[in-house]
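# Descriptive structure summary
In case you want the letters, here they are:
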Amino acid sequence: MDIKESKILKEKLYEKDYPCGLRAYVMPKPGYDKKFAMFGTHFGSINNDFIHPETKERIKVPDGVAHFLEHKVFAQKDGSAMDMFAEMGSSSNAYTTFTHTAYLFSCTEGFTDSFRLLLKFVQNPYITDESVANEKGIIGQEIRMYEDDADWQLYFNFLNCMYNDNTVKIDTAGTVETIAPIDRTLLYNCFNTFYDPSNMVVFVVGDVNPDDVFKVVEESVDVNKAPLEIKQFFKDEAPEVNHSRKEVAFEVALPMFMYGFKAEPKYEDIIKEEIAVNIAFEMLCGKSSRLYQELYENGLITSPIGMDITFEREYAFIGLVGESEKPDEAIAKIKEEINKMKHSEINAEEFERIRKRLTGDYIRQFNSVDKIAHIFMANIMRNVNMLDYAEEYNNVTKEDVKKALDKYFNMKYEATSIVKPL
Amino acid sequence: MKIKDGVRAKLIKSGKYKTNMLGVFFSTPLTKDDVSKNALVPAILRRGTKNYPTMRDISIELEKMYGAKFDCSVSKKGENQILKFYAEFVNDKYLEESVTDKIVDMMKDIIFNPLLENDGFKVDYLAQEKVKLKNIIESRKNDKVQYALERCYELMAENEPYSLCEYGDIAGLDRATNKDVFEAYKNMINNFAVDIVMIGDVSDDEFNKIVDSFGFAPRNAAKITTVTRIIPEKVKNVAEEFDINQGKLSLAFRTNIEPNTKEYYEMMVYNGILGGGVQSKLFQNVREKNSLAYYAFSRLDKYKGVMGISSGIEFKNYQKAYDTILEQIKDMEDGKITDYEYETTLKTLKNSLSSMKDEQGALLEFYYGQELISSEETIDELIDKLTKVTIKDVVEVSKNVKLDTVYFMKGKEEA
């Protein structure tokens with residue numbers, strides 16, 4: 001067992017890596033009522049082309065399979081796992097991203113029983129043709145809900161601008177058409193490939209004893225089995241963007257924009273570069289920036305600008321999201337400011353103030369077990385440990401910010417997505 | 001806890017968080033005449049003070065306080081408009097210097113010391129904040145799931161203050177003069193009911209000092225409005241067309257049940273069994289069994305005595321979804337409630353209420369809500385009362401649930 005301690009955060013993380021390839025982590029939070037557990041697999045919407053480990057057959061799956069499987073894993077021989085959690089007074093859920101699927105529950109009482117259930121149900125789905133058909137209706141409505149969600153449209157149109165071939169540009173849930181041919185066999189093929197312990201991570205946070213947690217893991221997972229080797233295929237992605245702009249009309253009140261840059265997922269130091277971009281964003285258009293003040297006073301912006309830094313192993317981009325009466329004018333101002341920043345010195349005092357604030361924001365995340373769990377899982381799935389940020393917030397320099405500006409704010413790879421009123 | 005007339009304070013002590021939270025809430029009954037002017041007050045106060053004349057100055061100052069957070073908001077609880085000023089800041093014990101005093105000073109500066117010109121607010125700021133509030137009002141429809149239920153309530157309460165949007169309305173914002181807004185501001189400071197709520201690692205003494213330092217004078221604040229008993233004579237049906245892909249079906253019911261009464265606890269359990277969670281009748285029947293929707297839930301507004309149901313469906317499934325929902329209501333009345341549904345609901349309620357103890361923001365809202373209805377009840381006491389509610393009580397309380405309005409947000413092609 002490995003113990004990692006952060007002096008700044010006053011938090012400890014216990015880790016155990018098993019021969020089967022499973023990694024389990026526990027972060028004790030004494031005094032908290034809520035306990036939160038997650039069981040995740042490296043199977044997201046971008047994992048759509050692979051070799052079946054037993055039949056050695058190459059399988060290409062339609063869009064939306066990982067998400068569909070997420071829904072169906074809850075189906076067990078003796079009922080729905082979701083109902084079983086509810087019966088124990090626990091609240092369960094799951095989500096699918098581009099890179100992973102995670103199952104989770106939280107509870108204030110009876111943690112061990114719920115935790116056993118989590119580990120058991122994710123390894124034992126009971127999928128029938130009938131239940132697959134039924135689920136198509138439910139997921140169909142989930143897809144329809146997102147079709148009416150302007151933020152979602154803005155985001156996917158942006159990804160569509162960025163990417164030529166990378167499947168990240170496709171909605172994780174697929175479309176009503178792509179999920180139509182999904183059947184039981186296909187779901188089991190994916191399950192048997194990607195839900196192997198070697199491809200999975202367990203994380204628990206709350207007022208728990210790490211030894212007890214690991215004991216349950218060892219009783220519930222075949223920790224000594226041989227790890228599976230998963231062979232996958234990914235399309236090559238050119239560094240250039242697919243389109244530089246996409247604009248759609250939608251049932252919204254005010255135009256929305258997402259503006260940003262595509263980058264290659266080649267990092268020198270993924271955490272430090274992410275922090276540097278974050279500081280650059282804050283200096284550029286954060287609430288304490290000159291530009292934000294100017295945009296606000298000129299009526300080009302009425303609410304804070306959102307910042308998206310996506311540094312995955314398979315793709316990378318950064319973007320700014322906002323609402324504006326005149327999105328193109330707002331974007332033009334942002335571009336102008338980026339160029340100005342690139343050609344001038346970073347103000348040391350401003351850098352220091354923002355660095356401290358972001359450090360405070362980071363520490364604050366450790367207030368909530370929900371936040372810890374979600375952030376931990378998203379990070380560990382890209383081989384980053386969220387505790388490692390603490391040190392990097394201290395190490396980052398204004399030279400790093402300067403470097404990040406040159407590397408990631410590259411006008412050659414810019415794209416704009418606009419959603420405007422009908 | 002009452003400090004003086006119209007001024008209350010509440011401290012919730014806990015050492016487990018890395019931050020402390022402080023909220024100053026002003027409340028007043030919602031009225032058509034004042035709602036827009038009141039909404040402009042926090043919007044304009046956060047723009048600048050005599051000491052920190054721009055938002056940027058305020059943000060820079062907050063960043064210096066180890067990234068303390070400060071913001072304002074406008075909301076409604078039942079027929080009351082709530083203006084909230086709140087801060088979240090790192091617990092002094094993690095720092096070499098105290099931020100608590102600094103952030104309290106900053107809050108006081110924002111509330112009591114606004115940037116003025118010619119005896120009124122800065123003209124530019126007022127104009128900009130009017131545009132901002134209009135944007136917020138018009139953008140409500142962007143979130144269709146939320147908007148469909150809000151719109152349903154609005155139609156139900158057509159002639160009641162409850163139908164007013166907490167941010168006011170376009171005409172009211174246009175009409176509001178600088179003088180009007182300044183008067184609304186003075187009214188807030190001198191006449192609105194005030195609650196100061198704090199959560200964190202703070203002693204009684206320290207808290208009392210903070211409360212005193214705000215120096216609110218006693219006031220004869222308007223009483224918060226409670227449930228107005230209305231029994232719908234006939235069901236109102238409204239459908240509206242939008243350019244959308246999924247229909248949103250919302251139903252509004254009157255319960256006429258006051259918070260703090262025995263019936264209210266019964267209603268909470270009723271709502272849980274009907275549509276609060278995966279074990280509920282709506283989730284199980286509308287979603288799992290009939291595959292009609294991805295989401296289907298019910299929700300109470302305890303300050304108004306109403307319940308709403310909402311679900312996203314195919315346009316063509318309107319009738320089937322409507323019938324399925326009403327069947328669940330009928331089953332509740334007929335006492336068709338299984339032990340599983342009842343017990344699981346109690347556990348679900350208990351879990352979600354206990355979980356709130358870990359979330360500072362949720363706790364702040366909960367305890368302010370309790371203050372508002374003059375209740376000293378803690379989360380544990382609330383849980384205790386809920387566990388005493390029986391299936392028989394739930395069936396009995398179901399008689400109060402009366403359908404008032406059905407709203408369908410439908411597609412443009414649909415006839």
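Residue positions are counted from 1 within each chain, in the order its sequence is given. Lettering of chains starts at A and numbering of ligands starts at 1, both following the order in which they are written. With pLDDT at 70 or above as the cut-off, local features in this predicted model cover only qualifying residues; side-chain atom pairs require 80 or more to be listed or tallied, and sums for whole chains, interfaces and linings still use all residues. In computing side-chain properties, one takes all heavy atoms of the structure into account and sets aside hydrogens as well as water.

## Some words on the packing of helix α12 (residues 339-355) of chain B against helix α14 (residues 379-387) of chain B
Residue and element names in this part refer to chain B. Each axis is a line fitted through C-alpha atoms, taken for helices only over the stretch in contact, and angles between the N-to-C directions span 0 to 180 degrees. Numbering goes from the N terminus for both helices and strands, where a helix is a DSSP run of H or I of at least four residues and a strand is a run of E of at least two. Interaxial distance between α12 and α14 falls to 10 Å at its minimum, and their mutual angle equals 175°. Considering the angle they form, α12 stands roughly antiparallel to α14. Contact residues: Y342, L346, L349, K350, L353 and S354 in α12; I379, L382, I383, L386 and T387 in α14. For classification purposes, angles smaller than 35 degrees are called roughly parallel, those larger than 145 roughly antiparallel, those between 65 and 115 roughly perpendicular, and all remaining angles oblique. Whether two residues touch is decided by their heavy atoms; if any such pair falls within 4.5 Å, the residues are in contact.

## Notes on the domain arrangement of chain A
Residue and element names in this part refer to chain A. Start and end positions for the domains come from either an automated domain assignment or a database one. Domain annotation of chain A identifies domain 1 (2-220) and domain 2 (245-421). A straight line from the C-alpha centre of domain 1 to that of domain 2 covers 28 Å. Accessible area, probed at 1.4 Å, shrinks when two parts are joined; the buried area is that loss added up over both. Across the domain 1/domain 2 interface, buried area totals approximately 3900 Å², and carbon plus sulfur atoms make up 75% of it. Together, L9, L154 and F158 form the three largest contributors to the area buried by domain 1 at its contact with domain 2, with a combined 17%. Salt bridge criterion: a side-chain nitrogen from Lys or Arg within 4 Å of a carboxyl oxygen from Asp or Glu. Run the count over domain 1 and domain 2 and you get two salt bridges. Residue D388 pairs with K4 through a salt bridge whose shortest N-O separation is 2.9 Å. Counting of polar contacts relies on pairs of N or O atoms within 3.5 Å, with two restrictions inside protein: one atom must be capable of donating a hydrogen and the other of accepting it, and residues adjacent in sequence are counted only when both atoms are side-chain atoms. On inspection of domain 1 and its partner domain 2, the count reaches eight residue pairs in polar contact (both at pLDDT 80 or more). Secondary-structure elements contributing two or more residues to the side of domain 1 that touches domain 2 are β1 (2-6), β2 (11-17), β3 (23-28), β4 (35-41), β10 (101-107), α5 (150-162) and β11 (200-206). If one sorts the elements of the side of domain 1 that touches domain 2 by residue count, α5 sits on top with 10 residues. The classification used treats Ala, Val, Leu, Ile, Met, Phe, Trp, Tyr, Cys and Pro as nonpolar, Asp, Glu, Lys and Arg as charged, and all other residues, Gly among them, as polar. Tallied by class, the residues present in the side of domain 1 that touches domain 2 amount to 26 nonpolar, 11 polar and nine charged.

## Some thoughts on empty space enclosed by the protein
All names here are of chain B. A 1.4 Å probe that fits into a set of points on a 1 Å grid over the protein atoms alone but cannot get out defines a cavity; an open set with protein on both sides within 12 Å along at least five of seven lines defines a pocket, and lining residues are those with an atom within 4 Å of a point. Grid points are joined across faces, edges and corners, and a volume is the space filled by probe spheres set on the points. In the structure shown here, the tally under the stated rule is two cavities of 30 Å³ or more. A volume near 100 Å³ is recorded for the largest cavity. Looking at the second largest cavity, its volume works out to about 40 Å³. In terms of lining residues, the second largest cavity is bounded by T255, I257, Y264, M267, L300, D301, K302, G305 and V306. When contributions to the lining of the second largest cavity are tallied by element, the ones reaching two or more residues are α9 (262-275) and β11 (296-301).

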